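Results of the structural survey
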Amino acid sequence: MKFVKKIGNVFHSRGCSYLFFVLSVCAAIFLRGAEWAYSWIAQLYPLGDKFIPVMFAVIGVCIAVNFGYLLLTAFANEKKDSIKGIKAINIMHTVFAVLGTITFIYSFVLIFGLDSGASAAKFTNGLNGILPYLIYLALACAIAQLVFCDSKKKVISSLISSVVVCAMIVTMVNFPNVSGGSNESSTFPPVTFESENLAEGAVITFESLKQGEKPDAENMLADNNNCWTAQSPNRLPAEGFDDTNNSVAEIKLAQVTTFNTAVIEEVGNEAQYFRLQALVNDEWVTIYQSEKIQDMRLCSFDAVTTDCIRLSIDKFRDDSTPVKIRSIKLYNEPMRNADDFEVTVYQRLDGDVPTEILAKGDEYVKNYARFYDVYSTVIVFAAVHWDENGQMNFGEMGEEKFAQEIAALKEIIANRSNPDHKVKLIVTALADGAWGNGHNGVNTYMASYWEDVANQIAAFAAKYDFDGVDIDWEYPASADDWKNYDSFIQKLSKDLKAVKPESIISTALSAGQLGLSQETFDCIDQIQFMAYDGNDTDGYQSSLQQAEEGMRDFVANGADISKINIGIAAYGRPVNGSPYWATWRDLEDANYWNSKYFTVPDANQIYEGTFCSPALAGDKTAYALLSGAGGVMVFRVGCDKTMDNPNSVACGIENTLHRYINNW
């Protein structure tokens, strides 16, 4: 009993109370910083989308109770045990101290991705996620620390140390190359150009100025860390300048030159719309426009010849915060051979039903088959289902209907306009959620039947002479699941290539969900990187920045960059992340440049949503090619406009392929 009492005294001491309070605050910060995980948490955890708000509520109560008990221990001191109802208070403190510790452990594992193994990349991602919120931890600790002070000297010392810590955190958050408004492009896989930077030797000939603004656009052309600080057009113009709706810098190139690519770097994420213009025949012609710049925006466009360009920042996130443009570079990238570059697309057999397409006649079929002049690998998706005993079936479609649709799809592909362009046909043989019933228990049945599943898939691929199989297991949730994943992929690779040595193994993965061994990475031929769905600060769900960050994380986790296909979404998501998927095909006001639309009609509602525009799809394609990635992937063909419409996402990809690759 004395031992238990001693433990209780320590547990309810001022020092432990302080510790439990700090752990609860850390739990709130860790959970807040792990926003990238919210989408898959909502799918896997109880309560769905309500899980995170409930977690925050629980943590908030833990913080309040632990801080309240800390105050009690400080002010009541030795008289605490004589307070009426202290036993009940101690019990409540115990409950919320333990609960706060549990939430701390959970959020710590979440922010640093420890559930699938530790790595330097995951630690860096976690640290970047929490840096903007560390100031709150410092303030909370400083306030709680004052509770310990029983003299003026200690109060002064505590205040000084708290101010120093807060100042250090603020410096870290705002220092270049640290998350929270920083430029981290140097950590991305490098983009390699075959041409020289044509902006070398250029000069600024005009810069729009606002009241109190100093000219600094020349910083964009200098090789240093200084920036052009473009000011919001809502401010009054400086004396002698017109009142414009844009912040503009005009650049005179060293000579008349031709270019087809621009790279613009921003510090932070303040630009919400920009244009690049060229002076052609004494008129300013827009050659590129889009919403986002961020760390590094690669812009691909048709070649233009000029000696004057203009960068215009047209929309700012915050009128009081300038857009900081670090640099602008221009290139004229030549055509090259890229025989191994992949343009992969997912295709369902429902929606765009192959037999129904054939029934519409030759003209429609040939128009639809234009997709397959662009795509080099077609992945048949959502046709194969598995039961809880690890047995394959074809759902309501049935195998006979499946066979008919596969034959019809092959006939459509044969109608492509370029018969010399090779198209591989593979099948998603294992997938989560394709049948509307969540994650379909894949972790459960694969734990017991992964070997039998691999045998069935190998036989299935051989029966229909597929060029390979795709595995869309989203996602192994434990170390044992990843071990099963490793064993499954390695066996499947061996079995497939025993029948057809050139068989492809494709896997759909996100950079933040990796627990594969190097041996498994070596077995995979294509990694379909789902560079979409993860809404950023402004709600964009398929940005170039997301692709760049994911590629960095894949490489840090041991993936071969030449196997990664960067994902392009042919559908849109609401900026608030709610679970709706409007298709690009049905978006009537879709245009080539814009990814954000303010009145998206979908599911009998109107919402603000973002897509991957054809221009952005082209940029992702250019980034994949120039960074040495394996290619790009589109999900999915049935969401896209057919290619007789120039605003088809596939058209944006094709335009980039024709700019840079011979004989596509």
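Our subject is the structure listed above.
1. Examining the sheet that holds strand β21 (residues 631-635)
Two pairing modes exist for strands in a sheet, parallel and antiparallel, and in both the strands are linked by backbone hydrogen bonds. Read around the closed barrel, the 8 strands follow the order β8-β9-β12-β13-β14-β15-β16-β21; overall the barrel is parallel. The sheet shows a mean angle of 25 degrees between the axes of neighbouring strands, direction not considered. In this sheet, strand β14 (residues 504-509) lies alongside strand β13 (residues 468-472) in parallel orientation, the contact comprising 4 bridges. From the neighbouring strand, Asp470 faces β14, where its bridge partner is Ser506. On the sheet, helix α14 (residues 479-499) packs against β12 (424-431), β13 and β14 and is oriented at approximately 155 degrees with respect to β14. Sitting on the sheet, helix α16 (residues 544-556) touches β14, β15 (526-529) and β16 (564-569), and the angle it makes with β15 is about 140 degrees.

2. Considerations on empty space enclosed by the protein
Applying the stated rule across the entire model yields 2 cavities of 30 Å³ or more. Approximately 50 Å³ is the volume found for the largest cavity. Counted by class, the lining of the largest cavity contains 3 nonpolar, 4 polar and 3 charged residues. By volume, the second largest cavity is sized at about 30 Å³. Residue lining of the second largest cavity: Lys292, Ile293, Gln294, Met296, Arg297, Ser543, Leu544 and Gln545, and that is the complete set. For the lining of the second largest cavity, the per-class residue count stands at 3 nonpolar, 3 polar and 2 charged.

3. Some details on the pattern of salt bridges
Scanning all chains against the criterion turns up 25 salt bridges. Between Arg275 and Asp314 there is a salt bridge, and its shortest N-O distance comes to 2.8 Å. With a gap of 39 residues between them, Arg275 in strand β4 (residues 271-280) and Asp314 in strand β6 (residues 297-316) connect regions that are remote in the sequence. Neither Arg275 nor Asp314 differs from the other in exposure class; each is buried. Overlapping salt bridges, with partners in common, bring together Glu270, Lys292, Arg317, Asp536 and Asp538 in one network.

4. Focus: the environment of Glu291
Structurally, the position occupied by Glu291 is in the loop between β5 (283-290) and β6. Among residues more than four places away in sequence, those in contact with Glu291 are Ala271, Gln272, Tyr273, Phe274, Tyr540, Trp593, Asn594, Ser595 and Lys596. Here Lys596 takes part through its backbone nitrogen, which lies 2.9 Å from a polar atom of the side chain of Glu291.

Conventions adopted
- Residues numbered from 1 in each chain as written.
- Predicted model: local features only at pLDDT ≥ 70, side-chain atom pairs only at ≥ 80, totals over all residues.
- Heavy atoms only, no water.
- Pairing = 2+ DSSP bridges.
- Helix = DSSP H or I, 4+ residues; strand = E, 2+ residues; numbered from the N terminus.
- Axes fitted to C-alpha atoms, helices over the stretch in contact; angles between N-to-C directions.
- Contact = heavy atoms within 4.5 Å.
- 1 Å grid on protein atoms, 1.4 Å probe; cavity = no way out; pocket = protein on both sides within 12 Å on 5 of 7 lines; lining within 4 Å.
- Points joined across faces, edges and corners; volume = space filled by probe spheres on them.
- Nonpolar A, V, L, I, M, F, W, Y, C, P; charged D, E, K, R; others polar.
- Salt bridge = Lys/Arg side-chain N within 4 Å of Asp/Glu carboxyl O.
- Buried < 20%, exposed > 50% of the residue type's maximum accessible area, 1.4 Å probe, protein only.
- Polar contact = N/O pair within 3.5 Å; in protein donor to acceptor, adjacent residues only side chain to side chain.

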